[in-house]
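# Notes for the structure review
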Amino acid sequence: MARQATWDDYQQRVGRAIQHLEQHLEGDLSLPELAGVASFSPFHFHRVFRALTGEGVAEHVRWLRLERAAARLRNTSRSVLEITAPESLLTKICLAVAR
């Protein structure tokens, strides 16, 4: 019973961090900031996040940014560079590789 309660608590806390991620995707997101939102130490947050989502925090951020850029591409006539301009160089590289 205690393990299930802990698991449920972890899911809620990581869920808060994911919501924060989605709302602040344009900015620079640090592991300590996200861990603080979830009330974990950065080390523990990363371990719990990976256990619950199956991927690391940085991988998840890249995936969310790539999904958002792909949605923008589907719904506009703007170029890839216009859409990804607010994003990091890494996202531009990911888009190039994903094509």
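Before going into details, it helps to say that this report is about the structure given with it. All figures in this text were calculated on a predicted structure; none of them were measured in a lab.

### What about the packing of aromatic side chains?
Evaluated as defined, the whole model comprises 3 aromatic pairs. On the basis of an interplanar angle of 35 degrees and a centroid distance of 6.4 Å, the ring pair of Phe 40 and Phe 45 is categorised as tilted. You'll find Phe 40 and Phe 45 in the same group, each marked buried. Taken together through their ring pairs, the aromatic side chains of Tyr 10, Phe 40, Phe 45 and Phe 49 make up a single cluster. Here the basic side chain of Arg 13 rests over the ring of Phe 40, its NZ or CZ set 3.9 Å away from the ring centre.

### A few points about unusual backbone geometry
We note that Ser 39 has phi near 60 degrees; this positive angle belongs to a residue other than glycine. With respect to the helices and strands, Ser 39 occurs in the loop between helix 2 (31-38) and helix 3 (42-53). According to the relative accessible area criterion, Ser 39 is partly exposed, its value standing at 48%.

### Things to note about the side chain of Arg 68
Along the chain, Arg 68 falls in helix 4 (residues 57-74). Here Glu 26 takes part through its side chain, which lies 3.2 Å from a polar atom of the side chain of Arg 68.

### Describing helix 4
Compared with an ideal rise of 1.5 Å per residue, which puts 18 residues at 26 Å, helix 4 spans 26 Å between its outermost C-alpha atoms and is within 8% of the ideal. Among all positions in helix 4, only Val 57, His 60, Val 61, Leu 64, Arg 65, Leu 66, Arg 68 and Ala 69 are buried.

Conventions used here
- Along each chain, the written sequence defines residue order, and numbers are assigned to residues from 1.
- The predicted nature of this model means local features are confined to residues of pLDDT at least 70 and side-chain atom pairs, given and counted, to a pLDDT of 80 or more, with totals for whole chains, interfaces and linings taken over all residues.
- Water and hydrogen atoms were dropped before computing side-chain values, which therefore reflect all heavy atoms in the structure.
- Pairing of aromatic rings covers Phe, Tyr and the six-membered ring of Trp, with a centre-to-centre limit of 6.5 Å; geometry is then stacked below 30 degrees between planes, edge-to-face above 60, and tilted otherwise.
- Throughout, exposure labels follow a simple rule: accessible area from a 1.4 Å probe, protein chains only, divided by the maximum for the residue type, with under 20% read as buried, over 50% as exposed, and the rest as partly exposed.
- Only when the NZ of Lys or the CZ of Arg is both within 6 Å of the ring centre and within 35 degrees of the ring normal is a charge said to sit over the ring.
- Runs of E in the DSSP output that reach at least two residues are strands. Runs of H or I that reach at least four are helices, and both are numbered from the N terminus.
- Polar contacts, as used here, are pairs of N or O atoms within 3.5 Å; protein pairs need one atom able to donate a hydrogen and one able to accept it. Residues neighboring in sequence count only if both atoms are side-chain atoms.
- Given the number of residues in a helix, its expected span is that number minus one, multiplied by 1.5 Å.

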